[in-house]
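Commentary on secondary and tertiary structure
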Amino acid sequence: AVFLLRGMHGSSYTPPAVGASTGFADVPVDHWAAAWIKQLAAEGITGGCGAGVYCPDVTVTRAQMAIFLLRAEHGSVYTPPNAIGVFTDVPVGHWADKWIEQLAVEGITGGCGTGVYCPDNPVRRAQMAVFLVRTFGLP
């Protein structure tokens, strides 16, 4: 949440105060990232991980990050074009196929190896840095 919002709004961005609720049952108002999480949801970048929870301690996969990055870059209502099958481990029909392929089209990713994206792998901090720089054109 912090990485994405600062990528979107600049390095000095601070979200509004949380108020009475974060909107997620598993994110108390005193959680260190409560304001960031609430703002990410307010901007339509995330709806959490289901059933009114955000899952703040669960690792984000490369497939999930593709959606976060493109919504952050293009807006919450953005939907990429249909997939054609760029990566061998992301067949057409995969739940995140078009999101992953759009990252490649935009030059944000080349995958994790020759012809593969590794959609279920976690996003490491170093990978996240590259994703953010490429998505938002950061220096």
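Residues numbered from 1 in each chain as written. Predicted model: local features only at pLDDT ≥ 70, side-chain atom pairs only at ≥ 80, totals over all residues. Heavy atoms only, no water.

1. Here's the deal with helix H1 (residues 2-9)
Note the cut-off: Residue burial is assigned from relative accessible area. The probe radius is 1.4 Å, only protein chains are included, and a residue is buried under 20% of its type maximum, exposed over 50%, and partly exposed in between. By definition, any uninterrupted DSSP run of H or I lasting at least four residues is a helix, any uninterrupted run of E lasting at least two residues is a strand, and each is numbered from the N terminus. What the arc covers is the set of directions going from the helix axis to the C-beta atoms. The contact criterion used throughout is that any non-hydrogen atoms of two residues lie within 4.5 Å.
Looking only at H1, the buried set comprises Leu-4, Leu-5 and Gly-7. Looking down the long axis of H1, one finds its buried residues gathered within 160° of arc, a one-sided arrangement. Considering only its buried residues, H1 is in contact with helix H2 (34-42), helix H3 (62-74) and helix H5 (125-136). Looking one or two residues past H1, Gly-10 carries a phi angle of roughly 105°, positive in sign.

2. Here's the deal with the layout of surface pockets
So the rule is basically this: Cavity: a set of points on a 1 Å grid over the protein atoms alone where a 1.4 Å probe fits but cannot get out. Pocket: an open set with protein on both sides within 12 Å along at least five of seven lines, its lining residues, like those of a cavity, having an atom within 4 Å of a point. Grid points are joined across faces, edges and corners, and a volume is the space filled by probe spheres set on the points.
Of the voids in this model, the largest pocket is the one considered here, and its volume is about 900 Å³. In this structure, the largest pocket is lined by 31 residues; those nearest its centre are Ala-1, Tyr-54, Pro-56, Val-58 and Val-60. Broken down by secondary-structure element, the contributors of at least two residues to the lining of the largest pocket are H1, H2, H3 and H5. In terms of residues, the lining of the largest pocket owes the most to one element, H3, which gives five residues. Of the volumes computed, that of the second largest pocket is approximately 170 Å³. Around the second largest pocket sit Val-2, Phe-3, Arg-6, Gly-7, Gly-10, Ser-11, Arg-125, Met-128, Ala-129, Leu-132 and Leu-138, which together line it.

3. A few points about unusual backbone geometry
In this structure, Ala-51 is a non-glycine residue whose phi angle is positive, near 50°. For Cys-118, which is not a glycine, the phi torsion comes out positive at approximately 65°. One can find Cys-118 in the loop between helix H4 (97-105) and H5.

4. With respect to the state of the cysteines
Here is the rule we go by: Cysteine sulfurs are considered disulfide-paired once they come within 2.5 Å of each other.
One pass over the full model with this rule turns up two disulfides. There is a disulfide in this structure between Cys-49 and Cys-55, and the S-S distance comes to 1.8 Å. Across the disulfide from Cys-49 to Cys-55, rotation about the S-S bond amounts to roughly 65°, and the bridge is consequently right-handed. Judged by relative accessible area, Cys-49 falls into the partly exposed class, the value being 43%. The side chain of Cys-112 participates in a disulfide bridge whose partner is Cys-118; the two sulfur atoms lie 1.8 Å from each other. Its S-S torsion of approximately 70° makes the covalent link between Cys-112 and Cys-118 right-handed. Overall, Cys-118 belongs to the buried group, its relative accessible area being 18%.

5. Side note on the side chain of Thr-61
Within the secondary structure, Thr-61 sits in the loop between H2 and H3. Note on Thr-61: relative accessible area 18%, which makes it buried. Discounting chain neighbours no more than four positions away, the residues touching Thr-61 are Pro-119, Asp-120, Asn-121, Pro-122 and Val-123.

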